[in-house]
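Observations on chain architecture
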Amino acid sequence: MIIAARHRWGWVPIAILGLLPRPAEAQSGGVSGTVTGRGIPLAGVVIRVYDVSETLVRSSPPTSPSGGYAVADLPPGVYTAFADASAASGDYVDELYPDTPCVGLPRTGTGTYCRANSGGTVVVSPGVVTPAVDFDLDTGGTIAGTVSSAFWKAFEAHVVLLLDTGDPFATVGASTSTGASGAFRLARLPAGAYYLWADGGPGGFWGGALPGLYSLSNSVNCPPSAVTIPTTGPGCSLAQATPVAVTDRLAGHADISLDLASSLLGRVFGDGTHGAFTVEVTRVGDLVPYARTVTSPVTGTYALRNLPDGQYTVTASAPSYGSVTGPIVTLRSACPCLYGDLDLQAGVPGIPDAQPADRVAIAGQSVTLSVSPIGAGALSYQWYAGRSGDTSQPMAGGTARDLAIVAGTGPASYWVRVSNALGSADSRTAVVSPAAEATGAISGTVRSAGHPVANAIVTILSSEETVVASAPPSSADGAFAVAGLPPGVYYAYAGAAPVSGRPDAPPLGATSDYPYADVLYPDIACPGGPVDVGTYCRTNTGGAIAVGAGIETAGVDFDLPMGGSIGGRLSVANDQWDPTVGAVDLIVDGTGPSRAVATAFVGATGVIVFGRVPPGQYRVAARAPFNGPMVWKDQPCPPEGCLQAGGTPIVMTPGAHVSGVFFNLQLAPTTAAIWPAQQLLPVGQSASLGVEVSSASWSSAMQWYSGKSGDTTSPIVGARGATLTLPPFTAPGVYEYWVRVSTPSGTGDSPTATVTVHGVLVGGSGGSVTSGGGVATPTTPPTTPSGAPAARPAQPRPPSPPAGAPSARRRRASGVS
């Protein structure tokens with residue numbers, strides 16, 4: 001018999017009985033003990049058992065009123081045990097055995113604070129239950145307060161508890177979200193000194209209130225780069241914050257006042273031209289920059305956000321240019337201040353490592369090699385044949401930035417020396433290799449608003465909508481080419497690539513210095529890339545590109561729009577449940593059915609970021625296991641689903657930044673259903689009933705009843721398992737049953753299931769009633785059958801999270817004693 005539980009992702013098998021032998025069980029052992037709170041038996045505590053690799057192996061059901069627990073089915077070995085009191089009554093502190101208090105679940109893999117393998121070891125022997133693995137939990141203290149600012153007296157924010165362990169991987173202890181009142185409370189804390197970090201407020205992380213550390217005198221502002229929890233850095237270290245003392249059963253208080261943010265906007269030129277220049281802003285009196293960014297290579301503009309009040313200097317620099325510092329600027333709260341233009345002076349030239357790029361070309365076809373040197377002033381060029389540094393073969397007429405050559409039948413090498421009055425630089429060696437005569441090529445340019453885009457990646461797809469090849473990064477003038485293509489019909493797509501020295505191509509769901517949106521040729525904006533199904537941005541809806549043998553198809557040009565960003569935060573039940581199990585979908589409303597074009601899996605802070613979003617209309621929907629999905633702004637999805645309707649549209653314009661997309665998912669109620677819901681049987685036959693559970697928790701307690709749903713007057717004694725197997729029925733009639741499922745996220749009653757029995761008795765009245773494996777012999781027809789104490793009920797095991805999703809610290813693990 002297969003027992004299964006149906007969850008949000010479909011049916012999940014949770015046990016197989018009677019089909020396979022289980023000889024290994026005889027070799028299994030277990031642990032048992034009691035849990036007390038200051039010497040008094042404590043109910044509702046879950047014991048989690050980890051192996052030496054810090055992997056969760058089994059969890060017990062919540063402890064009984066006597067505090068007892070047992071964890072069975074453990075292979076022989078060495079383990080550590082952890083008492084999770086999050087669902088127990090009272091503010092008891094979680095604990096690693098023996099007597100190591102922890103804030104939240106134990107860590108695995110990194111850090112030194114409460115790692116799963118730092119507890120005392122428990123040895124499990126074959127066939128033996130190791131007794132007396134006891135816990136005595138202390139009551140913890142709390143930290144409460146309000147998050148506000150001078151302008152917004154109170155607002156919704158995210159508050160994180162920090163521990164000064166000296167290990168940057170062990171700083172996060174607990175977190176919560178405030179309501180609209182700004183009030184927060186962090187409970188079940190061992191006695192000690194803690195630090196608090198908060199972010200949020202109107203306008204989100206990119207505007208409104210600055211993230212900061214709690215300080216008695218004033219909040220310690222954190223720089224814009226502090227997306228993760230800060231421990232060190234200019235103006236944002238724990239040494240500058242005020243610790244909050246927590247003592248046993250007493251509350252610490254900390255009102256966090258966050259400062260308002262300002263922005264600094266400006267432009268940088270290098271000898272009168274735009275470029276990707278580094279811009280640093282430094283507070284007067286500081287020795288290190290407070291924040292930095294990179295200018296747009298198209299417009300030369302920059303924007304430094306989330307700056308606190310104060311006086312600053314702005315410095316622009318680039319390799320081979322030197323640097324220039326502008327005058328002091330004073331920022332005031334929420335000031336979108338404009339800064340004057342900065343002009344860089346010429347320096348010794350430099351050439352990016354990847355230039356000029358290698359090329360593959362058809363023999364007899366023209367190929368252009370190009371460089372985009374770093375440096376200004378009067379630059380001169382000289383191209384050479386051969387390896388870099390060999391000046392014995394200067395190219396006649398090769399005195400410009402670009403060199404046009406005719407591809408031969410064999411490989412050839414070229415390089416260029418760039419010089420100005422201050423010095424010179426030699427490029428790498430570029431190799432031009434011949435392509436087969438039976439193949440063709442595609443070439444063109446990548447631009448944005450008329451400006452060439454260097455380092456863009458163009459991907460070629462076949463008529464079957466599969467990737468065939470990718471061109472080398474586009475040259476300084478935006479040119480690209482792909483050779484070696486068999487004759488046929490192709491499609492082209494210009495996707496993300498770095499333009500500011502980053503070695504990786506950031507995905508759509510992440511922040512990026514790359515300012516452009518992706519495009520399917522010709523000029524069809526495609527966030528997330530083309531697809532091979534549906535109607536939105538399907539590969540074959542682009543312009544077809546014919547390639548012939550020995551022919552280069554030129555003029556495949558792209559004009560990339562400026563992309564924008566969407567940011568916000570996801571919490572689950574006001575952070576009572578870990579938000580890292582959640583994901584957020586970016587939905588585009590275009591022609592045909594709406595489509596999710598990108599998914600952001602939230603991190604430990606629940607921060608949501610979508611980058612490189614092209615102009616258009618979008619909606620945002622959030623989801624998490626066992627939560628009701630929602631569309632922004634915090635509305636339940638309509639019956640037809642989040643994808644098709646509902647939510648506040650977000651209209652993106654070129655380069656726009658939309659923040660404040662906040663979600664607070666609520667735990668979906670626990671539901672239960674019996675399968676099969678109806679059965680028709682002859683007298684003398686038995687019946688089995690199973691339960692389907694949907695809940696935010698992997699642990700649950702069940703009780704079966706006779707009668708109609710909601711009538712608790714006839715409980716079936718011992719029937720507490722995931723299945724109920726009834727004995728052979730001895731008389732015709734209609735028999736009714738239902739089950740109540742209790743989980744940490746609530747209680748759910750199933751509808752009534754009916755068993756209709758007809759005919760005459762077949763084979764006598766012997767039989768059994770079983771519940772999760774328990775057996776008893778009935779003496780009457782099973783309208784209210786009795787049952788022996790249930791054997792270990794099979795509990796739902798969580799399905800694997802989506803690829804790329806972060807692990808959930810608060811996930812309720814499967815496994816019972």
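Scroll up to find the structure this text is about.
Here the structure is a predicted model, which means the values were calculated and not measured.

Paired through backbone hydrogen bonds, the strands of a sheet run either parallel or antiparallel to each other. Reading across from one edge, β54-β51-β59 is the order of the three strands in this open sheet, with mixed pairing throughout. Strand pairing shows two members of the sheet lacking a second neighbour, β54 (607–613) and β59 (657–665), which therefore form its edges. Sheet twist, expressed as the average angle between the axes of neighbouring strands with direction ignored, equals 20°. Pairing between strand β51 (residues 564–572) and β54: five bridges, direction antiparallel. Residue G567 lies in a different strand from β54, and its bridge partner there is V609.

Counted under the stated rule, the structure contains two disulfides. One disulfide bridge connects C102 with C114, the sulfur atoms lying 2.1 Å from each other. Looking along the S-S bond of the C102-C114 disulfide, the torsion reads about -95°, which is the left-handed sense. Linking C102 in strand β10 (residues 100–102) with C114 in the loop between β10 and β11 (122–124), this pair joins segments that are 12 residues apart in sequence. Judged by relative accessible area, which is 6%, C114 ranks as buried. Covalently, C526 is tied to C537 through a disulfide, its sulfur atoms 1.4 Å apart. Between C526 and C537 the sulfur-sulfur dihedral comes to about -90°; the bridge is accordingly left-handed. Taken as a pair, C526 in the loop between β47 (524–525) and β48 (545–547) and C537 in the loop between β47 and β48 lie far apart in primary sequence, 11 residues in all. The same class applies to C526 as to C537, namely buried.

Another aspect to go through is the packing of aromatic side chains. Applying the stated criterion to the full structure yields seven aromatic pairs. Judged by centre distance (6.1 Å) and plane angle (50°), the ring pair of F480 and F558 falls under tilted. Placement of the pair is F480 in strand β44 (residues 479–485) and F558 in strand β50 (residues 558–559), with a sequence separation of 78 residues. Each member of the pair, F480 as well as F558, carries the same accessibility label: buried.

Moving on to the side chain of E54. By the secondary structure assignment, E54 is in the loop between β5 (46–51) and β6 (56–59). Residue E54 is classed as buried on the basis of its relative accessible area, which comes to 9%. Only 3.4 Å separates the side chain of E54 from the backbone nitrogen of A116, close enough to count as a polar contact.

How each quantity is defined
- Residues numbered from 1 in each chain as written.
- Predicted model: local features only at pLDDT ≥ 70, side-chain atom pairs only at ≥ 80, totals over all residues.
- Heavy atoms only, no water.
- Pairing = 2+ DSSP bridges.
- Helix = DSSP H or I, 4+ residues; strand = E, 2+ residues; numbered from the N terminus.
- Axes fitted to C-alpha atoms, helices over the stretch in contact; angles between N-to-C directions.
- Disulfide = S-S within 2.5 Å.
- Buried < 20%, exposed > 50% of the residue type's maximum accessible area, 1.4 Å probe, protein only.
- Phe/Tyr/Trp six-rings, centres within 6.5 Å; stacked < 30°, edge-to-face > 60°.
- Polar contact = N/O pair within 3.5 Å; in protein donor to acceptor, adjacent residues only side chain to side chain.

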